[in-house]
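Analysis of the macromolecular model
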Amino acid sequence: MAIFHLLVDVRDAMGANAVNTMCERISPRIEELTGGETRLKIITNLAIHRTVKAKTTWKKEVLGEEAIERILDAYEFAANDVFRAATHNKGIMNGIDAVVIATGNDFRAIEAGAHSYAAISGKYKPLTKYYKNKQGDLAGEIELPLAIGLVGGATKTHPIAKISVKILGVKTASELAEIIASVGLAQNFAAMRALATEGIQKGHMRLHSKNIAVQAGAIGVQIEKVSGQMVREGNISVSRAKEIIEQAKKAGK
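First, a word on what this report is: a plain description of the structure on this page. Sequence order sets the numbering: in each chain, residues are counted from 1 along the sequence as written. In view of the model being predicted, local features appear only for residues whose pLDDT reaches at least 70, and side-chain atom pairs are presented and counted only at 80 or more, with totals across whole chains, interfaces and linings using the full set of residues. Here the side-chain values reflect all heavy atoms present in the structure, with hydrogen atoms and water set aside.

So, the packing of helix 3 (residues 65-80) against helix 8 (residues 173-196)
The criterion, for reference: Between the N-to-C directions of two axes lies an angle of 0 to 180 degrees, each axis being a line fitted to C-alpha atoms and, for a helix, fitted only over the stretch in contact. The helix count covers DSSP runs of H or I at least four residues long, the strand count covers runs of E at least two residues long, and both are numbered beginning at the N terminus. Oblique is the label for any angle not under 35 degrees, not over 145, and not in the 65 to 115 range, which are roughly parallel, roughly antiparallel and roughly perpendicular in turn. Contacts are assigned to residue pairs that have any heavy atoms within 4.5 Å of one another. Charged residues are taken to be Asp, Glu, Lys and Arg, nonpolar residues to be Ala, Val, Leu, Ile, Met, Phe, Trp, Tyr, Cys and Pro, and polar residues to be all remaining types, Gly included.
For the pair helix 3 and helix 8, the least separation of the axes is 9 Å and the interaxial angle reads 105°. The angle between the axes of helix 3 and helix 8 places the two elements in the roughly perpendicular class. Seen from helix 3, the contacting residues are Arg 70, Ile 71, Ala 74 and Tyr 75; seen from helix 8, they are Phe 189, Met 192, Arg 193 and Ala 196. Grouping the constituent residues of the contact of helix 3 with helix 8 by class yields six nonpolar, no polar and two charged.

In structure tokens, the structure reads:
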């Protein structure tokens, strides 16, 4: 078996159509040179030549030294346990997929590339890294392949995708990729901080309580009030949310 890699600078396109067309176009020439038969002629989603990095620092005066140590311990857990690493990276993709979908790009391709890249060393690893700098602050980094585009496909035709790109104010696919990577790092940090301190379930329940409040009929600023009271009481249910809303109505609030 012979495997040929065709490297193409697709500029601001995702590139699947262009690369697949080129692979098929050169296929006869490869057969002529090798005397063999070409079979699969298709792009790879492991775009190792389109990797993106993002890095930031969180001051110890803001986080606290204990929180930093806890986050570093949580990172080491992910770095040394494949089961934890899988969920660690899933959290990263929660943020990345949202931006990819909003801008009309293929989140399935990005997912495939990201998880393949996480295992490229032969062992599945976290896509982020955390460490303390010389000042004792927490530093975080992320690197992953992001084959996304601003031209072609839904990005240029879907109205919501066009609005999303306009809001972001990006002009090139590289700029969009930088934002996506940064969102992934921010998402991961938020999850790591919650896990290492208050616990992820507490944060999840706060979000869940807002959904319950809306289901019960809360609107506007009332959502936060109903949600907050249910969380304080430790009783998050539609029935309790309705009771709180009724009580507020009777009190004229």
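That shown, we press on.
Notes on helix 8
Here is the rule: Helix span is expected to be 1.5 Å times the residue number reduced by one. Summary of the burial criterion: residues with accessible area below 20% of their type's maximum are buried, those above 50% are exposed, and those between are partly exposed, where the area comes from a 1.4 Å probe applied to protein chains only.
Its 24 residues give helix 8 an end-to-end C-alpha distance of 34 Å, which sits within 8% of 34 Å, the value for a rise of 1.5 Å per residue. All of the buried residues along helix 8 are Ala 173, Leu 176, Ala 177, Ile 180, Ala 181, Gly 184, Leu 185, Asn 188, Phe 189, Met 192, Ala 194 and Ala 196.

Description of the environment of Gly 113
Mapped onto the secondary structure, Gly 113 falls in helix 5 (residues 107-118). We classify Gly 113 as buried; its relative accessible area is 1%. Residues Gly 113 and Thr 38 lie 75 residues apart in sequence; the distance between their C-alpha atoms is 24 Å. Here Gly 113 is in contact with Asn 45, Leu 46 and Pro 145, once residues within four sequence places are set aside.

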